[in-house]
Amino acid sequence: MNYPHIQHEDSEIYDAIEGEEKRQREGLELIPSENYVSQAVREAMASALTNKYSEGYPGKRYYGGQEFTDQVERIAIERAKHLFGASHANVQPLGGANANIAAYMALMEPGDTVLGMDLSHGGHLTHGHPVTYISKIFNFVRYKMKDVETGEIDYDALRETALKEKPKVILAGFSAYPRELEWQKIADIAKEVGAYAMADVAHIAGLIAGGSQKNPFDYGFDVMTTTTHKTLRGPRGGMILVNEKTGRGMAAEDAERAETIAKKIDKAVFPGLQGGPHMHQIAAKAIAFREALQPSFKTYAKQVVENAAAMAEVFKAHNVRMLTGGTSNHLILADVFGSLEISGNDAETLLDRAGITLNKNSIADDTRKPMDPSGIRFGTPAMTTRGLGTKESKEIAEIMIEVLQKRDDATVTAAKEKVRLIAEAHPVPESFA
Ligand code: DSN
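Fair warning: this is a prediction, and the values are worked out from it, not measured in the lab.

A. Up close: the site of the ligand. In the vicinity of the ligand, the residues found are Ser-33, His-124, Ser-175, His-203, Lys-230 and Arg-377. Contacts to the ligand include His-124, whose side-chain N or O atom sits 2.8 Å from an oxygen atom. Within the side chain of His-203, a nitrogen or oxygen atom sits 2.7 Å from an oxygen atom of the ligand. Here the ligand loses 63% of its free accessible area of 230 Å² to cover by the protein chains.

B. Summary view of the sheet that holds strand β6 (residues 139-143). Spatial ordering of the open sheet is given by β4-β12-β11-β10-β9-β5-β6, a layout of seven strands whose pairing is mixed. The open sheet is flanked by β4 (88-90) and β6, the only strands paired with a single partner. On average, each strand axis in the sheet is inclined to that of its neighbour by 20 degrees, with strand direction left out of account. On top of the sheet, helix α8 (residues 183-193) reaches β6, β9 (169-173) and β10 (196-200); it is set at about 170 degrees to β9, its chief contact.

C. Structural view of the pairing of strand β12 (residues 238-242). Taken across its five residues, β12 has five buried, putting it largely inside the fold. Burial along β12 is two-sided: the face carrying Gly-238, Ile-240 and Val-242 and the face carrying Met-239 and Leu-241 are both buried. Where β4 meets β12, three bridges bridge the pair, whose relative direction is antiparallel. Its bridge partner being in β12, Ala-89 is matched across the sheet by Leu-241.

D. Geometry of the side chain of His-121. Looking at where His-121 falls in the secondary structure, it is placed in the loop between β5 (113-117) and α6 (134-137). At 3.1 Å, the side chain of His-121 and the backbone nitrogen of Met-145 are in polar contact. Other than its neighbours up to four places away in sequence, His-121 contacts Lys-144, Met-145, Val-148, Tyr-177, Ala-364 and Asp-365.

E. Looking closely at a nonpolar patch on the surface. Together, Tyr-53, Tyr-62 and Tyr-63 make up an exposed nonpolar region whose accessible area comes to about 410 Å². Mapped onto the elements of the fold, Tyr-62 is located in the loop between β3 (60-61) and α4 (67-84). Under the relative-accessibility criterion, Tyr-62 is labelled exposed at 66%.

F. Representation of the environment of Ala-187 in the model. Relative to the assigned elements, Ala-187 resides in helix α8. A relative accessible area of 5% means that Ala-187 is categorised as buried. Along the sequence, Ala-187 and Arg-142 sit 45 residues apart, while their C-alpha atoms lie 16 Å from each other. Once residues lying within four places of it in the same chain are set aside, the contact partners of Ala-187 are Ala-197, Tyr-219, Gly-220 and Phe-221.

G. Region of interest: the sheet that holds strand β16 (residues 375-379). If you walk across this open sheet you meet the three strands as β13-β16-β15, and the pairing is antiparallel. Looking along the sheet, the strands with just one partner apiece sit at the ends: β13 (331-335) and β15 (359-361). Within the sheet, the average angular offset between the axes of one strand and its neighbour, ignoring direction, is 35 degrees. Relative to β16, β13 is paired through five bridges, and the arrangement is antiparallel. Note that in β16 the partner of Ile-332 across the bridge is Phe-378.

H. Up close: the environment of Thr-231. Topologically, Thr-231 is positioned in the loop between β11 (223-227) and β12. Under the relative-accessibility criterion, Thr-231 is labelled buried at 0%. In sequence terms Thr-231 and Thr-385 are 154 residues apart; their C-alpha atoms lie 9.6 Å from each other. The residues contacting Thr-231, other than those within four sequence positions of it, are Asn-35, Ala-202, His-203, Ile-204, Ala-205, Gly-206, Leu-207, Phe-297, Tyr-300, His-330 and Pro-381. In terms of polar contacts, Thr-231 uses its side chain to reach the backbone carbonyl oxygen of His-203, at 2.8 Å.

I. Examining the pattern of salt bridges more closely. Throughout the structure, instances matching the rule amount to 28 salt bridges. Ionic pairing is found between Glu-182 and Lys-185, a salt bridge with its closest N-O pair at 3.4 Å. Two residues, Lys-406 and Glu-402, come together in a salt bridge whose shortest N-O distance is 2.9 Å. A residue pair is termed a helical-turn pair when its members lie 3 or 4 positions apart in one helix, as Lys-406 and Glu-402 do in helix α16 (residues 390-406) at four residues. Look at the salt bridges and you will find they share partners, linking Glu-20, Arg-23 and Glu-29 into a network.

About the criteria used
- Residues numbered from 1 in each chain as written.
- Predicted model: local features only at pLDDT ≥ 70, side-chain atom pairs only at ≥ 80, totals over all residues.
- Heavy atoms only, no water.
- Near = heavy atom within 4 Å.
- Polar contact = N/O pair within 3.5 Å; in protein donor to acceptor, adjacent residues only side chain to side chain.
- Areas by Shrake-Rupley, 256 points an atom, 1.4 Å probe, with all protein chains shown as cover.
- Pairing = 2+ DSSP bridges.
- Helix = DSSP H or I, 4+ residues; strand = E, 2+ residues; numbered from the N terminus.
- Axes fitted to C-alpha atoms, helices over the stretch in contact; angles between N-to-C directions.
- Contact = heavy atoms within 4.5 Å.
- Buried < 20%, exposed > 50% of the residue type's maximum accessible area, 1.4 Å probe, protein only.
- Patch = residues over 30% accessible without salt bridge, like charges linked within 9 Å, V, L, I, M, F, W, Y side chains within 5 Å.
- Salt bridge = Lys/Arg side-chain N within 4 Å of Asp/Glu carboxyl O.

The values are spatial; any link to function lies outside them.
Set out below in structure tokens:
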């Protein structure tokens, strides 16, 4: 993309943007929550829609001049519903955190309880980490994995906790869990204790949309929250979806229940939590949803999972411990401190020097500090967008292991050149239409 006006008017920012463009072009992006969007998505983000205030919802706004913004938001809503089989979509959340907070506000009163995944077992900050304000408003209790070597969730303990704590919401979702959840078991427990079943699918939304992972709505979940910029490959943003086919009662009762939830969610997003929606971002979401509705997105989602499995194979062959023993989705959590005697932070820095970007990550019940934990987390959504397949995935995993084992300058320099050649041979595509 060219930025002639920025270049002419603000060279400091221009240099930083150019630097980032080059970094993304020449390196390999393995942060599992990142991706490359199409030029069409980027054009929408830079469009005149950024100038507009549109508080409210299509047909019911607090400002004039909404002819085109209404059109954009209605299209985004319809595509989102279609993509996930939802009865309602709110496409206004500015990010995943906002989507989660708005969903909590819609489904609960202050002081109510949420039963969610333990944060050190793959949950997310917005699932009630003590550093967040939301943790002071709602009461968060936890479930965990039964066995960190297989990733199996302790569903019996989950049920017992649900019976004891009587949560208003059972939250299923994660930002560092490499396996698929048993959605049905969680939905059944929610039904048994009269809780809402909420899934935070931020990491796997694209895999669900592409048919490579199960859709929680097919198992009776009430609400899904997600970001739009991870595997879904859209602009940075969030979204909340509602399901009317929960099977909790007769179809008409379920539809009424879903409608009530939908109204509460819309109110919670605006005016409850946010002001004017970012209409340029909503247009970009609509474009990404259209891209995800194409048959080629199914191929993409399948390849993301196959590439992650190929990388896990290499790590396994080198006896590097992976939490849950491997992966069934797009990400891998490796215990590099336990297996290679290098901390997560040092591994991140070393691989950065070799042109491979990933993130340090705590592992389950980590005894090390979050800024220098035992693990690294990496994944395949962005590299798969570049057209890399299982052969290159294995090659990259081998490069990573060699760098982490040897750590000397010559190895890092040689790795960086290999990475540059792989990246050069697989430029980021401009279009997925
Ligand atoms: N920061 C995101 C991630 O990397 O998973 C979650 O919000």
